[in-house]
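Single-letter residue listing:
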Amino acid sequence: MLFNSFEFLVFFPLVSIVYFVLAPKWRWLWVLGASCYFYMAFQPIYILILAGTITIDYFAGLFIAQSEGRRKKLYLIASIVANVGVLAFFKYFNFLNDNVRDLLAAGGTHWPVSHLDILLPIGLSFHTFQSLSYTIEVYRGRQTVERSFGIFALYVMFYPQLVAGPIERPQNLLRQFHTAIPFDHHRVRSGLVLMGWGFFKKVVIADRLAPFVNAVYDSPTGWPGISLIVATIFFAFQIYCDFSGYSDIALGSAQVMGFKLMKNFDAPYLSSSVGDFWRRWHISLSTWFRDYVYIPMGGSQSPRLQRYFNLLVTFLLSGLWHGASWTYVIWGGLNGLYLVIEQALGWAPSSHKDRQAAPWGVGRRFVGWAITFSAISLSWIFFRARTLSDAVYIVRHLGDGLGSVLFHLTDFPYLRFYVMMRQSKVEFLLAVALIGFLLTTEAWNRRVSLREVLERRAAPIRWVAYYALLMAVVFLGAFNSVQQFIYFQF
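Below is a short write-up of the structure. Note that the coordinates shown come from a computational prediction; the quantities given were computed from them, not determined experimentally. (Residues numbered from 1 in each chain as written. Predicted model: local features only at pLDDT ≥ 70, side-chain atom pairs only at ≥ 80, totals over all residues. Heavy atoms only, no water.)

**Regarding the overall build of the chain**
The cut-off we apply is this: Counting from the N terminus, the helices are DSSP H or I runs at least four residues long and the strands are E runs at least two residues long. Note that the radius of gyration is over C-alpha atoms, with the globule rule given as 2.2 Å times the number of residues to the power 0.38. A 1.4 Å probe rolled over the protein chains alone gives each residue an accessible area, and that area as a share of the maximum for its type sets the label: buried under 20%, exposed over 50%, partly exposed in between. In what follows, residue pairs with any heavy atoms lying within 4.5 Å of each other are defined as contacts. Areas reported here follow the Shrake-Rupley algorithm with a probe of radius 1.4 Å; residue values treat only the protein chains shown as occluding. None of His or the chain ends enter the tally, which takes Lys and Arg as positive and Asp and Glu as negative. Here the site of a charge means atom NZ of a Lys, CZ of an Arg, CG of an Asp or CD of a Glu.
In terms of regular secondary structure, the chain is built from 21 helices and zero strands. A globule of 490 residues ought to have a C-alpha radius of gyration of about 23 Å, and the chain, at 24 Å, matches this closely. For the C-alpha atoms alone, the extent of the chain along its principal axes is close to 75 × 70 × 50 Å. The buried share among the 490 residues of the chain stands at 52%. The long-range fraction of contacts in the chain, counting pairs at least 24 apart against all pairs at least 6 apart in sequence, stands at 75%. Summing over all exposed atoms, the chain offers an accessible surface of approximately 22800 Å²; the carbon and sulfur share of this is 67%. One way to put it: in the chain the 41 positive side-chain charges average out to a point 7 Å from where the 26 negative ones average out.

This is the structure in structure tokens:
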């Protein structure tokens, strides 16, 4: 079930209303049932895989909690192997198999294992990592074991963040399922506003940018450099508004019922360094890899060369997590390389205090922002391109014809030939205006929470703002074809 579907428009209010009508002791069961229905709306049979993962990790947690020493570690290893094994089979088997076949074929050897026609269960990477975080935290002694199988199942299957995060930690979410949460109209209203903003980012901005991006990236050959650049910049904002829009809807729908999920994005495109970008982008995944991969490898406490190696390995794994393709691996490797270069040059500020210091004045922050946005956008080419050859082609031809465009910079009919990408002038200008509006809003929101400011205003002002947001989604939303959230494929 997509958040931006008619089914969800019925599902969400029904689930939320019944949740508060029920006695507190039965609410978890209702949300668990609703979450099962939500997941089965995509591919019913794959709920059996999810049920198997939940069962394994539930008992692994119990056994870890009552064991010591080597036996305790063996139960953790069993949980990791089971989870990673399922993920590897469905997501990476064909990738590994095809690469082995190509490698052996280059040496004249036949590989008998054929390509498997299997469908990746939706959200598998997300709920696998969330379930793994539970057994790891129980093993580390930072989370008490959950003895209710139903509550643990709800922790893994909670519908707002089931298929695309945020990837929660048990310390935050599990305890909330044991708490009776009263109805609070202020909280509900605030959650609905956050959902509205998420829908705005998804259907008004991301889905409006999608046709421009698709026109170029679905067939990149023959386009001039300016079209490749514009499509790449548009994709940077498309994927951000698509994914952060989903996260806002997830956080808002959970907040309506009284649950607080972790913040997943924090205006990443206002960052002045790649390090700062990754502290603001997909925070739940970045911190997952930090806590369970980077730090166990030695983290930032390692000698310099070892630290650089740790960063590269972590980001290569992060790229592979996103997809079974060399384009994702290169995307992750590029971001790891950016961080290594920043640390080697001493460019990136290491703390909030450093970012406020004199060397990071307005001028240097702007330069840092320009370099960071350019570097991140360049890496997005590998993330979005259908094949590695497409990505290489786009990178090599970004500068094609730019001299002619600059010469005719004030001649809009000439520029239109390059950038319309089969869309109207109005659509292009609206897309640019929406990106400007987004950045302005997020810069303002970094200083003061706009939702909190709105909450303090008189009721007529608030309702005018609510109505304006609703009308913007209804009349500016790109509803020609329902666009699935990009991160659902991971």
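**A few points about helix 16 (residues 388–396)**
Cut-off, in case you're wondering: Working definition: the arc comes from the directions between the helix axis and the C-beta atoms, pointing outward to the latter.
Taken together, the buried positions of helix 16 are Asp-390, Ala-391 and Ile-394. Projected down its long axis, helix 16 shows its buried positions confined to an angular sector of 100°, all on one face. Away from its buried face by more than 90 degrees, helix 16 exposes Ser-389 and Arg-396.

**Here we look at the environment of Ile-47**
Here Ile-47 is to be found in helix 3 (residues 47–65). Sequence separation between Ile-47 and Ile-122 is 75 residues; the distance between their C-alpha atoms is 10.0 Å. Ignoring anything within four residues of it in the chain, the contact list for Ile-47 reads Cys-36, Tyr-39, Met-40 and Met-157.

**Focus: the nonpolar core**
Applied cut-off: Joining through side-chain atoms within 4.5 Å is the link that ties buried Ala, Val, Leu, Ile, Met, Phe, Trp, Tyr and Cys residues into a set, and such a set is a nonpolar core.
Of all hydrophobic cores here, the largest spans 130 residues; its most connected members are Phe-3, Phe-8, Phe-158, Phe-234, Tyr-269, Trp-281 and Trp-380. Ranked by residue count, the leading element in this core is helix 9 (residues 225–257), at 19 residues. Filtering out sequence-adjacent residues up to four positions away, Tyr-269 remains in contact with Ala-236, Phe-237, Ile-239, Tyr-240, Phe-277, Trp-281, Trp-369, Phe-373, Ile-376, Trp-380 and Leu-439.

**Details of the packing of aromatic side chains**
Filter applied, for reference: Pairs were defined over the aromatic rings of Phe, Tyr and Trp, the Trp ring being its six-membered one, requiring ring centres within 6.5 Å. Orientation was assigned from the angle between planes: stacked under 30 degrees, edge-to-face over 60, tilted for the rest.
Counted by the stated rule, this structure contains 66 aromatic pairs. Summarising the aromatic geometry, the rings of Phe-235 and Trp-380 are spaced 6.1 Å apart at their centres and angled 85° between planes, so their arrangement reads as edge-to-face. Here the residue Phe-235 occupies a position in helix 9, and Trp-380 occupies one in helix 15 (residues 362–384), the gap between them amounting to 145 residues. Assigned by exposure class, Phe-235 and Trp-380 land together as buried.

**Description of helix 5 (residues 124–140)**
We apply this condition: The span you would expect from a helix comes to 1.5 Å times its residue count less one.
Here helix 5 contains 17 residues, and its C-alpha end-to-end distance of 24 Å stays within 8% of the 24 Å for a straight helix at 1.5 Å per residue. For helix 5, the buried fraction is high: 15 of the 17 residues fall into the buried class. Gly-141, located one to two residues past helix 5, shows a positive phi value of around 80°.

**Thoughts on the side chain of Ser-377**
Here Ser-377 shows up in helix 15. Beyond its immediate chain neighbours, meaning those up to four positions away, Ser-377 contacts Thr-232 and Ala-236.

**Description of the layout of surface pockets**
Threshold: Grid spacing is 1 Å over the protein atoms alone, the probe is 1.4 Å, and a cavity is where that probe fits but cannot get out, while a pocket is an open set with protein on both sides within 12 Å along at least five of seven lines and lining residues have an atom within 4 Å of a point. Grid points are joined across faces, edges and corners, and a volume is the space filled by probe spheres set on the points. Ten residues, namely Ala, Val, Leu, Ile, Met, Phe, Trp, Tyr, Cys and Pro, are considered nonpolar, four, namely Asp, Glu, Lys and Arg, are considered charged, and the remaining ones, Gly among them, are considered polar.
The calculated volume of the largest pocket comes to roughly 1200 Å³. Together, 41 residues line the largest pocket, and Leu-194, Trp-197, Asn-445, Leu-450 and Arg-451 are the ones closest to its centre. Elements represented by at least two residues in the lining of the largest pocket include exactly helix 8 (185–217), helix 9, helix 19 (425–447), helix 20 (450–455) and helix 21 (459–476). When its residues are assigned to classes, the lining of the largest pocket shows 21 nonpolar, nine polar and eleven charged.

**What to know about the pattern of salt bridges**
Here is the rule we go by: For salt bridges, the criterion is a side-chain nitrogen of Lys or Arg within 4 Å of an Asp or Glu carboxyl oxygen.
Counting across every chain of the model gives 16 salt bridges. Between Arg-446 and Asp-266 there is a salt bridge, and its shortest N-O distance comes to 2.5 Å. Residue Arg-446 is located in helix 19, and its partner Asp-266 is located in the loop between helix 9 and helix 10 (274–280); the two are separated by 180 residues in the primary sequence. Overall, Asp-266 belongs to the partly exposed group, its relative accessible area being 21%.

**With respect to the environment of Ile-205**
Looking at the secondary structure, you find Ile-205 in helix 8. According to the relative accessible area criterion, Ile-205 is buried, its value standing at 1%. Considered as a pair, Ile-205 and Asp-242 are 37 residues apart in the sequence and their alpha carbons are 8.2 Å apart. Apart from residues lying up to four places away in sequence, Ile-205 is in contact with Phe-200, Cys-241, Leu-434 and Leu-438.

**Remarks on the packing of helix 1 (residues 6–21) against helix 8**
Inclusion rule: The angle between two axes is taken between their N-to-C directions and runs from 0 to 180 degrees, where each axis is a line fitted to C-alpha atoms and a helix contributes only its stretch in contact. Just so you know how the angles are binned, under 35 degrees is roughly parallel, over 145 roughly antiparallel, 65 to 115 roughly perpendicular, and the rest oblique. What makes a crossing left-handed is the near helix being turned counterclockwise from the far one by less than a right angle; a clockwise turn instead makes it right-handed.
Following both chains from N to C, one finds helix 1 and helix 8 inclined at 165°, their axes separated by 14 Å at the closest point. When the axes of helix 1 and helix 8 are compared, the pair comes out roughly antiparallel. The crossing of helix 1 and helix 8 is right-handed. Packed against helix 1, whose contacting residues are Phe-8, Phe-12 and Phe-20, the element helix 8 presents Arg-187, Leu-192, Met-195 and Phe-199 at the interface.

**A few points about the packing of helix 2 (residues 24–40) against helix 6 (residues 149–157)**
Each packed pair of helices is defined by two parameters, the angle between the axes and the distance between the axes. The N-to-C vectors of helix 2 and helix 6 enclose an angle of 45°; their axes lie 10 Å apart at closest approach. Classed by the angle they form, the pair helix 2 and helix 6 counts as oblique. Note that helix 2 runs across helix 6; the crossing there is left-handed. Across the interface between the two elements, Trp-28, Val-31, Leu-32, Ser-35 and Cys-36 from helix 2 touch Gly-150, Ile-151, Ala-153, Leu-154 and Met-157 from helix 6. Class assignment of the residues belonging to the contact of helix 2 with helix 6 gives a composition of eight nonpolar, two polar and no charged.

In short, geometric facts, not functional conclusions.
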